[in-house]
Structure formats: C-alpha cells, structure tokens
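# Chains, contacts and geometry: an overview
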Amino acid sequence: MNLSLSDLAPPLRWTSPVQIAPIVEEPQLPEAWWQTIPLDRACAVITTQTVAGHLADLAVACWGHLLIGDILPLLRFSDPAEAERTPEMLGKDVVQKLFSGVFERLLEPPSEPVAATVARPDKPLPELIDALFAALDERQRAIARDRLYASQRATLDELAQRFSVTRERIRQIERDLRDHVEAWLGGPEAVSLVAHVTWLRGRLGSAVPADDLAAAVPWHRGELRTLGIPAWRFVRTLLTGYEQADGWLIAGGADELREKTRQLFTDGPRPIGEAVTMVTQLGIREDVAERWILAVPQLRVLDQHVVPWPRSINEKAEAVLAVAGRPMTPEEIQERIGEDYSLVGIRNQLTADERFRRVDRNKYGLTRWGGDEYLGIREMIAREIERAGGEASVSTIVSNLTSRYDVSESSVRAYSGGPGFERTQRGWIRVAGTSPTGEAEPYQPRRDVSETRRSFRSRDGRWWHRVDVNAEHLRGSGSPLPTGFAAYLGMAPGGQLTAATPSGDVVVSWHNQPTMGSIRNVLADFKAGEGDHVFLTVSDGGELLTRYLPAAAPGMPPLNRALYLIGYTAPVTSELEGLRLIGARIGLPDTATRDEVLARLRERGDRDIVGFLGG
C-alpha cells in the first residue's frame with residue numbers, strides 16, 4: 001500500500017502541521033509521518049489502534065464540527081449511517097473504534113486473487129460512469145437524468161404522466177436507481193471513482209465556491225454520453241455531507257461553519273493575511289479563504305483587515321475607527337461604512353455613545369485610546385482657565401487651542417470676549433461668576449428654559465420638551481437636546497443624567513452640546529411613527545416621564561394645530577383663550593398680548609406655532 005494517512009483523511013492536508021504535531025507525534029516514526037510514510041508501515045510500528053486513536057484525537061480537538069464521513073470518506077461506504085455524525089456527537093472512543101475498523105479492513109490481505117473484472121486503472125472515469133448507466137433502460141436513464149441528477153428536478157407527477165405509470169412506480173424506480181448506484185460504488189469497478197471522490201473531498205475542504213467542483217478536473221465539465229448531463233453533476237451526488245448554500249459547497253452545516261468563522265473575529269479587526277490563516281484552521285483552503293470571509297454575513301474586509309460587521313451603526317463606526325487607528329470625521333466614517341446611514345444619524349451616535357470621544361472640532365476617536373475630549377471652543381477655553389489655576393491670558397489660550405485643535409485664532413478670541421468670561425484686573429480672563437480661586441457658581445445657560453424652542457410648562461409648573469418623531473429616532477439614533485432644557489434638568493457641561501423607563505434607561509450627556517440617547521424603545525411602546533410627537537421630562541426621582549400625541553389630523557383648524565404643538569388637545573372657545581394658554585405654556589403672564597406671545601415664540605424659534613397663528 002502506498003497511501004499515507006493524509007491520503008485517506010483529507011483534513012490532514014489542510015490543517016496546519018503546528019496543530020497536528022503535538023497531538024500525533026510518535027518517537028518511533030519520522031517527522032510528519034502522517035504524510036511521509038504509508039499507512040501500513042505506520043500501523044506496523046505503532047499498531048493500528050494507536051493510529052486510529054491519534055486520528056480520533058485530532059477529530060475531536062480540531063474537526064469536531066465536521067461529519068466523520070468528511071474526515072475519513074471511506075466510512076461513507078463501510079458505515080454510511082455513522083458517517084453522517086460528528087466527533088462532537090459520538091465522542092472520542094466511538095470515533096476511534098470506527099476509524100480502527102476501516103483501517104483493519106483496508107490492511108487485511110486479500111484471501112483470493114482479485115477478480116479479472118476489476119476495471120483497468122487507466123480507464124477514463126467518465127467511461128466508467130457511462131458504463132454504469134448504459135445497462136439501464138431508457139425509462140430508468142430518463143428518471144436519472146431528469147430527477148436524480150437534474151438542476152431543475154422533474155416532479156413525480158410529470159414523470160408518471162410521461163411514462164403512463166403511477167407516482168409510486170416512479171418513486172420505486174428512483175429508489176432502485178439509488179440502490180443500484182450505491183451497490184456499484186461498493187464494488188471493484190468503482191474503486192478509481194471512489195478514490196477520485198476521496199481526493200476531491202481533500203481538494204474542496206470544508207467550504208468552496210460551488211463552481212470549483214466543475215473546474216476541479218477537466219472531465220467534470222464534459223458530458224456523460226448516457227445521460228446528457230455534465231459529469232460534475234453526477235459527482236456532486238457522491239459528495240454526501242456537503243450542503244450547497246449561497247453559491248458555496250459546505251461540509252456539514254452552513255450556519256454552523258459561518259458562526260465558527262464569525263467567532264474567530266470577536267476580539268476585533270485582524271489583518272487579512274492573519275485572518276486567512278485563522279480561517280484555514282476551519283478546513284477552508286487558503287486560496288478561497290478570503291472569498292469565504294466576504295461571503296459570511298456580519299464580517300467585512302476594511303483596509304485589508306477583517307472586522308466584525310453587525311447591524312448596529314455604532315459597532316460599524318467602532319470597527320471603522322479601530323481599523324483606521326486614528327480619529328476620523330463623521331464624513332469619513334460614513335464613506336467607509338458605505339451604507340444608507342445619514343450623516344446626522346452617524347454624528348448623533350458618535351456624540352451619544354460612550355465608546356466614542358470627540359477629539360477635535362469635527363473628529364472622533366475611540367474612548368479607549370484616551371486623550372483629552374474636545375468640548376467646543378467655549379468649554380475648551382474654560383478648561384484652559386481651570387488648568388491655569390482660575391485665570392489665563394488670551395494669548396496663551398489661543399496658542400494652546402490652535403496648536404492642538406482645528407480652530408482659528410479669531411474664533412478663540414471671539415469666544416474669549418463673549419458671554420461666559422470676564423476680564424481680571426491684570427487683563428487676563430476667567431469664567432464669569434467665579435471667584436479668583438476658580439470656584440464656579442451654578443451653571444446659567446444663555447437662554448432660560450422659558451426661552452427654549454419646543455419647551456413648554458404644564459399646569460403643575462413642570463417643563464416638558466417636545467420631540468417631533470423622525471426616521472432617525474425610530475432607527476435608534478440619539479438626538480440633540482436644547483441647552484436651556486438640559487440646564488432646567490440640573491445638567492451642566494461635562495455632566496450626564498440617566499433617566500429610567502420601563503423599557504430601559506435613557507442617557508442624556510453633555511459634551512459639546514446636550515445629547516439624548518436612543519428613545520427607540522419608548523417610541524416602540526407607543527407604536528409611534530414619523531410625524532408623531534412625544535413630550536418628555538425627568539421627575540425628581542430620575543424617571544423619564546412621557547406623553548404621546550399622534551400626528552395631528554390633516555383637517556384640524558390652525559389654532560388647534562398650534563395648541564396641539566404645545567400638548568393641549570382640549571377645545572377652546574376663542575383665539576384669545578388659545579393665545580392665553582400658549583402664553584402660559586411658554587412662561588408669559590396671563591396679561592400678555594397677542595403680539596407679546598408671537599414675539600416670544602419667534603425668539604424661541606417656534607416658527608411652526610407662529611405659522612399656525614398667522615404671525
């Protein structure tokens with residue numbers, strides 16, 4: 001016998017020797033004995049049981065997900081039922097017993113001379129296959145051609161009508177044909193074809209593009225004379241244990257192999273060369289490994305790195321930054337993701353998600369990279385003042401900020417002389433409202449909540465903010481929150497507030513501007529859609545309070561539409577009453593005139609309400 005163990009067990013040919021050697025090394029045998037010496041010699045030195053035991057150890061340790069018929073294809077002929085199970089299902093002892101049985105039968109000397117009917121080894125395999133079907137009648141060959149080996153299988157009814165027999169008769173002929181082929185494969189005439197299929201399993205590995213089967217050898221593309229079909233289509237039926245899915249032939253379960261591939265990259269991006277090596281450990285050939293990676297859902301190749309690619313926009317942005325290894329603009333991240341995500345949605349997620357840190361005016365990095373967070377020019381000036389001990393010269397602040405961030409000198413000087421800062425006796429600046437030691441007074445926004453767009457006061461004195469639901473909210477994106485309303489909730493720059501809801505916490509953070517995290521779960525509870533409204537606030541106990549209003553009916557009168565936008569749905573008797581209600585909701589006294597109400601609404605930016613009031 002000139003066959004080595006790796007000739008009989010295809011996974012030995014595509015598994016790294018680094019994995020194999022520690023499990024099967026034997027001091028009495030040469031290095032890489034499983035491929036350098038014949039099987040009978042190895043068994044004579046260390047016993048057949050030991051060789052079978054080593055192969056069983058490898059099967060359990062490295063190929064537990066493969067069918068054992070793919071590990072040792074001869075099992076498909078000697079024990080077809082067990083060949084459809086995996087080492088994980090059977091356990092090492094049972095697998096060793098099955099392997100040992102195959103080796104013992106293979107090495108058993110023949111008791112009598114081989115019959116003269118054995119096919120000549122040089123006879124072309126297509127001729128062998130044609131000889132198998134030439135002995136059949138025309139009806140049997142038609143059923144084989146149009147049902148057993150067809151790309152578009154004829155139905156039992158179609159064949160029964162064609163040959164004027166019953167469906168059951170067609171089913172019986174089909175069953176007899178399968179038995180005929182299986183019996184032939186177990187005979188001496190088919191030895192060379194069985195050897196070809198064994199070689200083919202080793203070439204294909206655990207996953208290969210389906211077209212690779214036709215291209216494996218030239219005669220696969222040729223036509224079988226007796227059936228009028230490509231030879232590869234018949235050969236495909238002999239590759240039991242392979243599943244065809246999405247243009248791939250996959251040994252074992254396609255879903256299982258895809259999941260095992262994804263698990264290789266759970267720790268983050270890997271260079272493509274390293275990724276290919278990792279994937280070959282699953283039995284996938286090196287020359288198709290990259291194509292397999294691209295075919296696995298939730299994996300993607302970015303800049304010659306394989307990265308996990310889940311559905312969340314946040315995780316995709318994280319993967320893009322991790323591969324780039326440098327801060328990027330939202331526009332760059334959107335381009336790298338290359339999918340239908342709006343720039344606004346990406347920017348909101350970068351602002352709201354703690355995994356990301358804004359490191360420049362329009363650049364974001366990963367928080368785990370460390371470094372200072374960019375908070376906006378005003379807040380950065382305040383931080384420079386704090387680091388200097390409570391006051392600093394404008395020139396020093398300008399120099400520090402323009403050297404580190406993409407901000408202009410004129411912008412820094414303009415903010416330094418604006419609201420929020422004041423001059424000290426020596427001409428430096430400090431944060432307005434602080435003592436010379438830098439101790440700050442409570443944060444005061446430039447606009448009070450009563451001057452803040454879409455913020456309205458209820459009868460109990462509590463202020464609510466109106467969210468006009470859009471596609472970004474429904475997709476789970478975060479959204480900006482007005483400074484005046486965030487300050488009303490007790491927040492200040494750099495702070496964070498967690499509000500509890502029955503469907504999960506909503507986080508409001510204030511970096512460059514106040515940002516509210518995803519409220520998708522809240523909207524889902526209401527079954528809200530685009531154009532609907534949700535009014536929200538936070539209770540003293542930290543609970544997110546919400547009130548839902550569906551989009552206004554198209555025929556609603558303009559005054560009622562204006563009232564609807566402040567959350568008032570009851571009927572009113574006159575425009576005067578409506579204006580009084582709106583004025584009260586935006587912090588004006590009952591005596592406010594129509595012009596005063598309209599003026600306050602314009603100042604706040606509530607132009608939608610002004611429009612319905614005819615102002």
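Quick look at the structure, then. Just so you know, these numbers come straight off a predicted model, no measurement behind them. The residue count restarts for each chain, going from 1 along the sequence in the order it is written. The predicted origin of the model limits local features to residues at a pLDDT of at least 70 and limits the giving and counting of side-chain atom pairs to 80 or more, whereas totals for whole chains, interfaces and linings rest on all residues. For the side-chain quantities, the full set of heavy atoms in the structure was used; hydrogens and water were omitted.

### Comments concerning the overall build of the protein
Helix and strand content of the protein: 34 helices and 20 strands. Computation of the radius of gyration draws on C-alpha atoms alone. For the globule rule, the value is 2.2 Å times the number of residues to the power 0.38. Against the compact-globule benchmark of 25 Å for 615 residues, the protein has a radius of gyration of 37 Å, which places it well outside the compact range. Along the longest, intermediate and shortest principal axes, the C-alpha atoms of the protein span 115 × 65 × 40 Å. Accessibility here uses a 1.4 Å probe with only protein chains present; expressed as a share of the type maximum, an area under 20% marks a residue as buried, one over 50% as exposed, and anything in between as partly exposed. For the protein, the residues scored as buried account for 47% of the 615 residues in total. Summarising the internal contacts of the protein: among those between residues at least 6 apart in sequence, 55% fall at separations of at least 24. Element-wise, carbon and sulfur atoms account for 49% of the exposed surface of the protein, whose accessible area totals about 30,000 Å². Taking the average place of the 72 positive charges on the side chains of the protein and the average place of its 83 negative ones, the gap between the two points comes to 5 Å. Going along the chain from the N terminus, every DSSP run of H or I of four or more residues is numbered as a helix, and every run of E of two or more is numbered as a strand. The contact criterion used is simple: two residues touch if any of their non-hydrogen atoms lie within 4.5 Å. Accessibility throughout is a Shrake-Rupley quantity obtained with a 1.4 Å probe, and a residue counts as covered only by protein chains that appear here. Counted as positive: Lys and Arg. Counted as negative: Asp and Glu. His and the chain ends are not counted at all. Charge positions are represented by NZ for Lys, CZ for Arg, CG for Asp and CD for Glu.

### Some details on the sheet that holds strand β5 (residues 248-251)
Strands in a sheet are paired, the pairing made by backbone hydrogen bonds, and the direction either parallel or antiparallel. Here, strands pair whenever DSSP counts at least two bridges between them. Sheet architecture is open: 3 strands sit in the order β1-β5-β4, paired in antiparallel fashion. Looking at the sheet topology across the chains shown, the edges are occupied by β1 (207-209) and β4 (242-245). Looking at each pair of strands side by side, their axes are set apart by 25° on average, direction ignored. The pairing of β4 with β5 spans 4 bridges and is classified as antiparallel. Bridging from a neighbouring strand, Ala245 pairs with Trp248 of β5. To obtain an axis, a line is fitted to C-alpha atoms, over the contacting stretch when the element is a helix, and the angle between two such axes runs from 0 to 180 degrees between their N-to-C directions. Where helix α19 (residues 254-263) meets the sheet, it contacts β1, β4 and β5, and its direction lies at approximately 80° from that of β4.

### Notes on the sheet that holds strand β15 (residues 479-480)
Read from one edge of the open sheet, 4 strands run β15-β18-β17-β16, paired in antiparallel fashion. Every interior strand has two partners, whereas the edge strands, β15 and β16 (496-499), have only one. Where β16 lies against strand β17 (residues 506-510), 4 bridges are found, and the strand directions are antiparallel. Across the sheet, residue Ala499 finds its bridge partner in β17, namely Val506. Lying on the sheet, helix α24 (residues 343-352) is in contact with β15, β17 and β18 (514-516); it crosses β18 at an angle near 105°.

### Focus: the nonpolar core
Formed by 78 residues in total, the largest nonpolar core has its most connected members in Trp63, Phe99, Phe103, Phe133 and Phe234. Aside from chain neighbours lying at most four places away, what touches Phe133 is Arg141, Ala144, Tyr149, Val181, Thr226, Leu227 and Phe234. By nonpolar core we mean a set of buried residues, namely Ala, Val, Leu, Ile, Met, Phe, Trp, Tyr and Cys, connected to one another through side-chain atoms within 4.5 Å. Counting residues in each nonpolar core, the second largest holds 25 residues, with Leu563, Ile566, Leu581 and Ile609 among its members.

### Some thoughts on unusual backbone geometry
In this model, Asp303 sits at a positive phi of 45°, which is unusual for a non-glycine residue. Summarising the element assignment, Asp303 is placed in the loop between β7 (299-302) and β8 (305-308). With a relative accessible area of 46%, Asp303 lands in the partly exposed category. Even without being glycine, Lys527 reaches a positive phi, approximately 55°. Mapped onto the secondary structure, Lys527 falls in the loop between α30 (520-526) and β19 (533-538).

### Thoughts on helix α21 (residues 286-295)
Of the residues making up α21, those classed as buried are Val288, Ala289, Trp292 and Ile293. Around the axis of α21, the buried residues are gathered within 155° of arc, so they sit on the same side. Turned more than 90 degrees away from the buried face of α21, the exposed residues are Asp287 and Leu294. Residues of α21 that are buried in the fold lie against β1, β5, α19, α20 (272-280), β7 and β8. For this quantity, the arc is that covered by the directions from the helix axis to the C-beta atoms.

### What about the side chain of Glu391?
Examined against the element boundaries, Glu391 turns out to sit in the loop between α25 (377-387) and α26 (394-404). A polar contact is formed between the side chain of Glu391 and the side chain of Thr424, at a distance of 2.9 Å. In this structure Glu391 touches Ile385, Thr424, Arg426, Trp428, Ile429 and Arg430, once residues within four positions along its chain are discounted. Here a polar contact is recorded for every N or O atom pair within 3.5 Å, except that within protein the pair must consist of a potential hydrogen donor and a potential acceptor, and residues adjacent in sequence are included only if both atoms are side-chain atoms.

### Overview of the state of the cysteines
Two cysteine sulfur atoms make up a disulfide if the distance between them is within 2.5 Å. Tallying each qualifying case throughout the model produces 0 disulfides. Unpaired in terms of disulfides, Cys43 finds its nearest cysteine sulfur in Cys62, a separation of 20 Å.

### What about the pairing of β7?
As paired elements, β7 and β8 share 4 bridges and run antiparallel to each other. Within β8, the residue paired with Leu299 across the bridge is Pro308. Between β7 and β8, which pair antiparallel and follow one another directly, the connecting turn spans 2 residues, one of which, Asp303, has a positive phi of 45°.

### Some words on the packing of helix α22 (residues 313-324) against α24
α24 packs onto α22 with a crossing angle of 80° between their chain directions and a minimal axis gap of 10 Å. Considered as vectors, α22 and α24 are oriented roughly perpendicular to each other. Residues Ile313, Asn314 and Ala317 of α22 form the contact with α24, whose participating residues are Gly345, Ile346, Gln349 and Leu350. In this classification, Asp, Glu, Lys and Arg are treated as charged, Ala, Val, Leu, Ile, Met, Phe, Trp, Tyr, Cys and Pro as nonpolar, and every other residue, Gly included, as polar. The residue makeup of the contact of α22 with α24, split by class, is 4 nonpolar, 3 polar and no charged. Oblique is the label for any angle not under 35 degrees, not over 145, and not in the 65 to 115 range, which are roughly parallel, roughly antiparallel and roughly perpendicular in turn.

### Comments concerning the pattern of salt bridges
Here, a salt bridge means any Lys or Arg side-chain nitrogen found within 4 Å of an Asp or Glu carboxyl oxygen. Considering all chains together, one arrives at 38 salt bridges under this definition. For Lys92, the salt bridge is made with Asp57, and the minimal N-O distance between the two is 3.6 Å. Here Lys92, found in helix α11 (residues 92-107), pairs with Asp57, found in helix α6 (residues 48-62); they are 35 residues apart in sequence, far enough to count as distant. A relative accessible area of 29% means that Lys92 is categorised as partly exposed.

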